[in-house]
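One-letter residues, chain by chain:
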Amino acid sequence: MNTEAILDKINDILVDEFEVDADVITPEANLKDTLGLDSLDYVDLVVTIEANFGVKLGEADFVGIHTFQDFYNLLDAKIKLKG
């Protein structure tokens, strides 16, 4: 799966799971604020991503993740590493 396909799938998941308008999901937007994430939402996000991409995410993975671009980079690297 190429990077563009990964990003498209991530965005589709986020729109469906967190009921946000796709237009507010931009690389520079703040992930937590845009999706309105609380601690339980992070668990939902992790479970959904793990189920859809077959990668494991831990609490340490989210250190330094502020924007959607940060999140994309994390997942792109994990997915390609799994490869």
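The present account deals with the structure reproduced in this document. The model shown is predicted, which means the values in this text are computed figures rather than measured ones. (Residues numbered from 1 in each chain as written. Predicted model: local features only at pLDDT ≥ 70, side-chain atom pairs only at ≥ 80, totals over all residues. Heavy atoms only, no water.)

Considering the overall build of the protein chain
In terms of regular secondary structure, the protein chain is built from four helices and zero strands. Put simply, the protein chain runs from its N terminus to its C terminus through helices and strands in the order α-α-α-α. Each of the three principal axes of the protein chain carries a C-alpha extent, and together these read 30 × 25 × 20 Å. Classification of the 83 residues of the protein chain by burial places 35% in the buried group. Of the accessible surface of the protein chain, which amounts to about 5,000 Å², a share of 51% is contributed by carbon and sulfur atoms. Looking at the protein chain, you have 6 positive and 18 negative side-chain charges, and the mean spots of the two groups are 11 Å apart. (Helix = DSSP H or I, 4+ residues; strand = E, 2+ residues; numbered from the N terminus. Buried < 20%, exposed > 50% of the residue type's maximum accessible area, 1.4 Å probe, protein only. Areas by Shrake-Rupley, 256 points an atom, 1.4 Å probe, with all protein chains shown as cover. Lys, Arg positive; Asp, Glu negative; His and termini not counted. Charge placed at Lys NZ, Arg CZ, Asp CG, Glu CD.)

So, unusual backbone geometry
A positive phi angle is found at Glu19, which is not glycine, with a value near 50°. Mapped onto the elements, Glu19 comes out in the loop between α1 (3–18) and α2 (31–35). Judged by relative accessible area, which is 70%, Glu19 ranks as exposed.

Points about the pattern of salt bridges
On inspection of all chains with the given rule, the structure shows two salt bridges. Measuring nitrogen to oxygen at the nearest pair gives 3.4 Å for the salt bridge that ties Asp76 to Lys80. Of the two residues, Asp76 and Lys80 both sit in helix α4 (residues 68–82), four residues apart, roughly one turn of that helix. The class of Asp76 is buried, set by a relative accessible area of 15%. (Salt bridge = Lys/Arg side-chain N within 4 Å of Asp/Glu carboxyl O.)

What about the side chain of Thr48?
For Thr48, the position within the fold is in helix α3 (residues 39–53). Owing to a relative accessible area of 14%, Thr48 belongs among the buried residues under this scheme. Setting aside residues up to four positions removed in sequence, Thr48 forms contacts with Ile13 and Glu17. (Contact = heavy atoms within 4.5 Å.)

Here's the deal with the packing of aromatic side chains
Taken as a whole and assessed by the stated rule, the structure comprises three aromatic pairs. Taken together, a centroid distance of 6.3 Å and an interplanar angle of 40° make the contact between Phe68 and Tyr72 tilted. With Phe68 and Tyr72 both in helix α4, this residue pair falls four residues apart, about one helical turn. Under the relative-accessibility criterion, Phe68 is labelled buried at 0%. (Phe/Tyr/Trp six-rings, centres within 6.5 Å; stacked < 30°, edge-to-face > 60°.)

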